[in-house]
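Tertiary structure, described
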Amino acid sequence: MMPRINEYDLPSNIVPILADIVAPLPIKSCVVVKTIKQGNASGKLIRLHHESHHHGNSDEEVVCSNNGGVSSPPPPIGTITRTTTELFIKEVSAKTYAYKSWIDLRRTLLYARTEYRFYSEFLPLLHTENGSSSRSTASTLAPKCYYSAINLHDYIPDHECATSQSSITEAPIITDLVNGNGDESSSSGTMMLVLASVPNYAYYQESPLTASQTKQCLSAAAKLHASSWEKKEVLSHAAERLSLGSYHLDTRNPTELDNMISSWDKFRTSFASEIEHEENYS
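For clarity, every value in this text was computed on a predicted model and none was experimentally measured. (Residues numbered from 1 in each chain as written. Predicted model: local features only at pLDDT ≥ 70, side-chain atom pairs only at ≥ 80, totals over all residues. Heavy atoms only, no water.)

**Focus on the packing of aromatic side chains**
Throughout the structure, instances matching the rule amount to 6 aromatic pairs. Ring centres 6.0 Å apart and planes at 40 degrees place the aromatic pair Phe-118 and Phe-122 in the tilted group. With Phe-118 and Phe-122 both in helix α2 (residues 102–130) and 4 residues apart, this pair spans about one turn of that helix. The pair Phe-118 / Phe-122 is uniform in exposure class, with both members buried. A centroid spacing of 5.3 Å and a plane angle of 15 degrees characterise the contact between Trp-264 and Phe-267, whose relative ring orientation is stacked. (Phe/Tyr/Trp six-rings, centres within 6.5 Å; stacked < 30°, edge-to-face > 60°. Helix = DSSP H or I, 4+ residues; strand = E, 2+ residues; numbered from the N terminus. Buried < 20%, exposed > 50% of the residue type's maximum accessible area, 1.4 Å probe, protein only.)

And the structure:
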């Protein structure tokens, strides 16, 4: 019996996806622990509750999600095993950002395409090249991706580079939706990732960062880049696919460039003591 997940503000199409991810554990219920809405994406931290009844089958094994998916011998007859699995669902939908100009909306969708390609194409390639158990690979720097889907062909052709002129001048499908036309249930202009949840005590986002936190961020970025060091196949794939992403000055929000000087002044003010220390002892 499938859980009534819709009661918890999740789309019905996510139900079979979640069931496949945690199989063979049955989903008894689902709770949305936290909802995050940002300017370019939204996300939900969900907790799945499992309940298994054991009837004494000698061949039965219990696979516990909280133990890394490791099988263990079955418990005594009549035992009810209760476990939980936490996942993070990240979504981008063009119709959610229909209020944006086409230039701004295109940039949002390009962000989504870059992230989708990283998890679905680039990260698996890194794991293959380095070995998924190696601590030097991206497996220690990015959460596991259980599911990824994207449908942007009505907005951005797959081959279109982010820094190239857009092949369209407006998003007619968005115009239709705003005017009350079009198919609200369409998956066009969407991206979804289902990721393993990371603990709040280990990973968090805040600003401004301390010097120690900044070093941790730079170290993580360095390890990610080092994982593809001198690996021609990985770098070639990145050049062909990730370089078509959106992190380029030609596609940045003009406001970010206009505020560059004031942002730098704010940075120097926030880290005045650290900067003075470095200048005095460098």
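**Some thoughts on the pattern of salt bridges**
For side chains bearing opposite charge, pairing can occur when the charged atoms are close. Evaluated as defined, the whole model comprises 8 salt bridges. Its salt-bridge partner being Lys-90, residue Glu-115 comes within 2.7 Å of it at the nearest N-O pair. Remark: Lys-90 occurs in strand β5 (residues 80–93) and Glu-115 occurs in helix α2; sequence separation between them is 25 residues. With a relative accessible area of 22%, Glu-115 lands in the partly exposed category. Between Arg-241 and Glu-121 there is a salt bridge, with the nearest N and O atoms lying 2.8 Å from each other. You can see Arg-241 sitting in helix α5 (residues 232–241) and its partner Glu-121 sitting in helix α2, a full 120 residues away along the chain. When its relative accessible area of 18% is taken as the criterion, Arg-241 is described as buried. Residues participating in the shared-partner salt-bridge network are Arg-117, Glu-121, Asp-158 and Arg-241. (Salt bridge = Lys/Arg side-chain N within 4 Å of Asp/Glu carboxyl O.)

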